[in-house]
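# Analysis of the macromolecular model
Each chain, written out:
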Amino acid sequence: MTQAPVSLVDGDYARRARIAHALASAGRHVEPFESLEEFAAKSHDRAVLLVHDEGTLVRDVINWCQREGQLVGALVYAQDPPPKAVVQAIRSGATDYCQWPLDPESLQEAVDACQAVAETEWSRAEKQAFARKLIERLTPREKEVLTYMTKGFSNRAIGEQLGISPRTVEIHRGHMLSKLYANNSPDAVRIALEAGIEV
């Protein structure tokens with residue numbers, strides 16, 4: 001696994017320096033930031049975020065990444081966090097939550113584990129984005145046909161639902177398969193599901 005860069009957001013200089021030194025000693029590239037404003041001035045796509053849980057910082061950093069389309073894995077930490085804070089961080093989109101302080105080895109393991117989980121999500125997000133681009137190429141009628149296909153409808157049943165003949169459904173299906181670069185109907189359904197079309 002290639003090590004993703006680490007973006008560290010923590011308002012405490014001494015803690016930030018300690019974490020950055022520990023990770024850099026293990027070969028990780030670390031970019032420390034004191035605030036959301038500093039953090040938001042750069043791109044952080046495919047990075048592991050280390051965010052100290054203070055005020056609304058965790059939520060604000062994760063929300064910024066989501067708005068900007070940055071694929072990240074967020075590892076939150078704090079000393080003696082209340083359970084409610086952990087739940088809120090995870091609900092905001094954090095991958096994991098650690099209790100501070102961490103020894104350098106535990107910190108590196110936590111960052112590696114966060115990256116492993118995040119990479120799975122990054123791969124899924126890339127597939128979804130590609131599938132959505134393919135779906136955008138379809139006409140409204142082809143999208144309707146595809147939606148019914150994901151529900152298991154036959155050409156005849158799709159035609160009845162849309163008020164068109166089964167032959168017309170076949171024509172739309174053929175155009176749709178071509179635009180999706182799909183080899184067959186199951187392949188098209190897979191692309192639709194990856195794109196998030198409701199079944």
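We now turn to the structure provided with this report. Predicted model only: the values in this text are computed from it and were never measured.

### Some words on the pairing of strand β2 (residues 30–33)
Here 4 bridges tie strand β1 (residues 6–9) to β2, and the two strands are oriented parallel to one another. Residue pairing for β2: Ser 7 is matched across the bridge by Glu 31. Crossover connection from β1 via helix α1 (residues 13–25) to parallel β2: handedness right-handed.

### Focus: the pairing of strand β3 (residues 47–52)
In terms of burial, β3 is a largely internal element, 6 of the 6 residues being buried. Here β3 shows no split at all, with Ala 47, Leu 49 and Val 51 on one side and Val 48, Leu 50 and His 52 on the other all buried. Relative to β3, β1 runs parallel, the two being bridged by 4 bridges. From the neighbouring strand, Val 9 faces β3, where its bridge partner is Val 51. With 6 bridges connecting them, β3 and strand β4 (residues 72–78) associate as parallel partners. Note that in β4 the partner of His 52 across the bridge is Tyr 77. Chirality of the crossover, the property in question, places the unit of β3, helix α3 (residues 57–67) and β4 among those that are right-handed.

### Comments concerning the state of the cysteines
What the rule picks out here adds up to 0 disulfides. Cys 98 forms no disulfide, and the closest cysteine sulfur to it belongs to Cys 114, at a distance of 8.5 Å.

### Focus: the pattern of salt bridges
For the coordinates displayed, the defined rule picks out 13 salt bridges. Here Glu 142 ties to Lys 179 by a salt bridge, and the two come within 3.0 Å at their closest N and O atoms. In this pair, Glu 142 is assigned in helix α6 (residues 140–150) and Lys 179 in helix α8 (residues 166–179), connecting sequence segments 37 residues apart. On the basis of relative accessible area, Glu 142 is assigned to the buried category, the value being 3%. Take Lys 179: its relative accessible area is 23%, and that puts it in the partly exposed class. The closest approach of N and O atoms between Glu 170 and Arg 167, which form a salt bridge, is 3.3 Å. Taken together, the residues span about one helical turn, with Glu 170 and Arg 167 both in helix α8 at a distance of 3 residues. We classify Glu 170 as partly exposed; its relative accessible area is 40%. Each member of the salt-bridge network shares a partner with another, and the members are Asp 10, Arg 15 and Glu 54.

### Concerning the packing of helix α7 (residues 155–162) against α8
One can describe the packing of α7 onto α8 by two numbers: an axis separation of 8 Å at closest approach and a directional angle of 105 degrees. Our classification of the angle between α7 and α8 gives roughly perpendicular. Every residue of α8 that contacts α7 at Asn 155, Arg 156, Ile 158 and Gly 159 is listed here: Pro 166, Val 169, Glu 170 and Arg 173. Its residues placed into classes, the contact of α7 with α8 shows 3 nonpolar, 2 polar and 3 charged.

### What to know about helix α4 (residues 83–92)
Taken together, the buried positions of α4 are occupied by Ala 85, Ala 89 and Ser 92. Mapping the buried residues of α4 onto a view down its axis gives an arc of 65 degrees, with all of them on the same face. When the buried face of α4 is taken as reference, the exposed residues oriented beyond 90 degrees from it are Pro 83, Lys 84 and Arg 91. On the buried face of α4, the contacting elements are α3, β4 and β5 (96–99). A positive phi of about 120 degrees marks Gly 93, the residue just after α4.

What counts, and where the lines are drawn
Residues numbered from 1 in each chain as written. Predicted model: local features only at pLDDT ≥ 70, side-chain atom pairs only at ≥ 80, totals over all residues. Heavy atoms only, no water. Pairing = 2+ DSSP bridges. Helix = DSSP H or I, 4+ residues; strand = E, 2+ residues; numbered from the N terminus. Right-handed = clockwise from strand over helix to strand, strands pointing away. Buried < 20%, exposed > 50% of the residue type's maximum accessible area, 1.4 Å probe, protein only. Disulfide = S-S within 2.5 Å. Salt bridge = Lys/Arg side-chain N within 4 Å of Asp/Glu carboxyl O. Axes fitted to C-alpha atoms, helices over the stretch in contact; angles between N-to-C directions. Parallel < 35°, antiparallel > 145°, perpendicular 65-115°, else oblique. Contact = heavy atoms within 4.5 Å. Nonpolar A, V, L, I, M, F, W, Y, C, P; charged D, E, K, R; others polar. Arc of directions from axis to C-beta.

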